Amino acid sequence: MITIKKTRTSRALKDAVEQLSGVDLSICFQCKKCSSGCPVAKLAKSRPSEIMRQLHLGAGDELLASDLVWMCASCETCSARCPMGIDVAAVMDALRRLALERGAPKPEGDVPLFNRAFLKTVETFGRSYEIGMIAAYKLGTGKLMNDTEKFPAMLKKGKIALLPPRGSDRKTVKRIFRKVKASKGTKA
Ligand code: SF4
Ligand code: SF4
C-alpha cells in the first residue's frame with residue numbers, strides 16, 4: 001500500500017513534473033506495465049508505477065530522494081509499454097532535474113557522479129565518449145581498478161572505442177550546453 005504524507009511542497013512537485021515532462025499524471029490508471037518492463041525496478045526500493053501514483057496523490061519533495069530516480073537508466077521501456085502513451089521516462093528525467101535544482105539528498109552510490117561524467121564528455125566531444133566518461137568516473141570515485149578486467153573484451157568486441165567520436169557537431173552541442181547553463185545561472 002502506498003502512503004502519502006502531504007507536505008507544503010506536494011502540489012508544487014506535481015505541477016513542476018507535469019510542466020517539465022509534458023505528462024498529464026492524472027491519466028495513469030496503475031496497470032503497472034511500466035514497472036513490469038523496467039530493468040532496474042527489482043533493484044530499487046520503488047517502481048515506476050509507484051512513483052507515478054505517489055506524484056498523482058500529492059507526494060512532496062521527499063519523493064526526489066527515491067533511489068529509482070537515480071537508478072533509472074533512461075531506457076524508455078516504461079514509456080514504450082504504457083498503454084496510455086505516458087512518457088514515464090520523461091517523468092523520471094524531470095524528477096532528476098528537480099532533485100538537483102532543489103538539493104534533494106543524493107542516493108547512496110555514485111550515480112550522480114556517473115551522470116556528470118557522461119554529460120561532461122557529451123559537452124566536450126559532441127556525443128558520448130565512453131573512455132573519457134569511464135576515466136572521469138573512476139577518478140571521481142577513486143576506484144580506479146574496479147571492473148578493469150572487462151575492458152579488453154569490450155575493446156575487442158568494439159563496444160568501446162579508444163579515440164574520441166568523429167563527425168559530431170561539437171560547436172552546436174557546446175552552444176546548447178552554454179544556453180542551458182545560462183538559463184539556470186550556472187557557470188559555463
Ligand atoms: S504503464 Fe502507464 S498507465 Fe500503466 S502504471 Fe505505468 S504509467 Fe500508469
Ligand atoms: S526509463 Fe527508467 S524507469 Fe523507465 S523502464 Fe527504463 S530504467 Fe525503468
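Scroll up a little and you will see the structure.
Thresholds, definitions, all that
Residues numbered from 1 in each chain as written. Chains lettered and ligands numbered in written order. Predicted model: local features only at pLDDT ≥ 70, side-chain atom pairs only at ≥ 80, totals over all residues. Heavy atoms only, no water. Near = heavy atom within 4 Å. Helix = DSSP H or I, 4+ residues; strand = E, 2+ residues; numbered from the N terminus. Nonpolar A, V, L, I, M, F, W, Y, C, P; charged D, E, K, R; others polar. Patch = residues over 30% accessible without salt bridge, like charges linked within 9 Å, V, L, I, M, F, W, Y side chains within 5 Å. Areas by Shrake-Rupley, 256 points an atom, 1.4 Å probe, with all protein chains shown as cover. Salt bridge = Lys/Arg side-chain N within 4 Å of Asp/Glu carboxyl O. Buried < 20%, exposed > 50% of the residue type's maximum accessible area, 1.4 Å probe, protein only. Lys, Arg positive; Asp, Glu negative; His and termini not counted. Charge placed at Lys NZ, Arg CZ, Asp CG, Glu CD. Polar contact = N/O pair within 3.5 Å; in protein donor to acceptor, adjacent residues only side chain to side chain. Contact = heavy atoms within 4.5 Å. Phe/Tyr/Trp six-rings, centres within 6.5 Å; stacked < 30°, edge-to-face > 60°. Core = buried A, V, L, I, M, F, W, Y, C linked by side-chain atoms within 4.5 Å. Expected span 1.5 Å × (residues − 1).

Student: What am I meant to see in the site of ligand 2 here?
Tutor: Surrounding ligand 2, one finds 13 residues, the nearest of these being C38, C72, A73, C75 and C78. Looking at the shell around ligand 2, the elements that each hand over two or more residues are α5 (77-81) and α6 (88-101). Residues that form the shell around ligand 2 fall into these classes: 10 nonpolar, 2 polar and 1 charged.

Student: When you look at a nonpolar patch on the surface in this model, what are you seeing that I'm missing?
Tutor: Together, F151, L155, L162 and L163 line one region of the surface with nonpolar side chains, adding up to about 380 Å² of accessible area. Relative to the helices and strands, L155 is located in helix α9 (residues 151-156). L155 gets classed as partly exposed once you look at its relative accessible area, which sits at 31%.

Student: Help me understand a positive patch on the surface in this model?
Tutor: A surface patch of positive charge is lined by R170, K174, R175, R178 and K179. Take K174: it is sitting in helix α10 (residues 170-184).

Student: Just to check I follow, could you spell out the side chain of D67 for this structure?
Tutor: Position of D67 relative to the elements: it lies in helix α4 (residues 67-71). Of the side chains with opposite charge, K45 comes closest to the buried, unpaired D67, at an N-O distance of 4.7 Å. Separated by 2.9 Å, the side chain of D67 and the backbone nitrogen of K45 make a polar contact. In this structure D67 touches L43, A44, K45 and S46, once residues within four positions along its chain are discounted.

Student: For this particular structure, what's the right way to read unusual backbone geometry?
Tutor: Both trends apply: most residues other than glycine have a negative phi, and most peptide bonds are in trans. A positive phi angle, close to 60°, is found at Q30, a residue other than glycine. With respect to the helices, strands and loops of the structure, Q30 is situated in the loop between α1 (10-21) and α2 (33-37). One non-glycine residue, K32, lies in the positive phi region at around 75°. By the secondary structure assignment, K32 is in the loop between α1 and α2.

Student: How should I be thinking about the packing of aromatic side chains in this particular structure?
Tutor: For any pair of aromatic rings, the description rests on two quantities: the centre-to-centre distance and the angle between the ring planes. One pass over the full model with this rule turns up 2 aromatic pairs. Centroid distance F114 to Y137: 5.6 Å. Interplanar angle 80°. Geometry classified as edge-to-face. You can see F114 sitting in helix α7 (residues 111-125) and its partner Y137 sitting in helix α8 (residues 130-141), a full 23 residues away along the chain. According to the relative accessible area criterion, F114 is partly exposed, its value standing at 37%. The interplanar angle of 75° and the centroid separation of 4.8 Å between the aromatic rings of F125 and Y129 together place this pair among those described as edge-to-face. Taken as a pair, F125 and Y129 share a single burial class, namely buried.

Student: What is the right way to look at the nonpolar core in this model?
Tutor: The nonpolar side chains of soluble globular proteins are, as a tendency, buried together. In terms of nonpolar packing, the biggest core is built from 33 residues, with V17, L55, V91 and L95 touching the most fellow members. Elements with a minimum of two residues in this core: α1, α3 (48-57), α4 and α6. Top contributing element to this core by residue count: α6, with 8 residues.

Student: Teacher, can you tell me more about α8 here?
Tutor: With 12 residues, α8 ought to run about 16 Å at 1.5 Å a step, and its terminal C-alpha atoms sit 16 Å apart, in line with that. Looking only at α8, the buried set comprises I131, G132, M133, K138 and T141. Looking at the buried positions of α8, the neighbouring elements they touch are α7 and α9. At the C-terminal side of α8, G142 shows a positive phi close to 80°.

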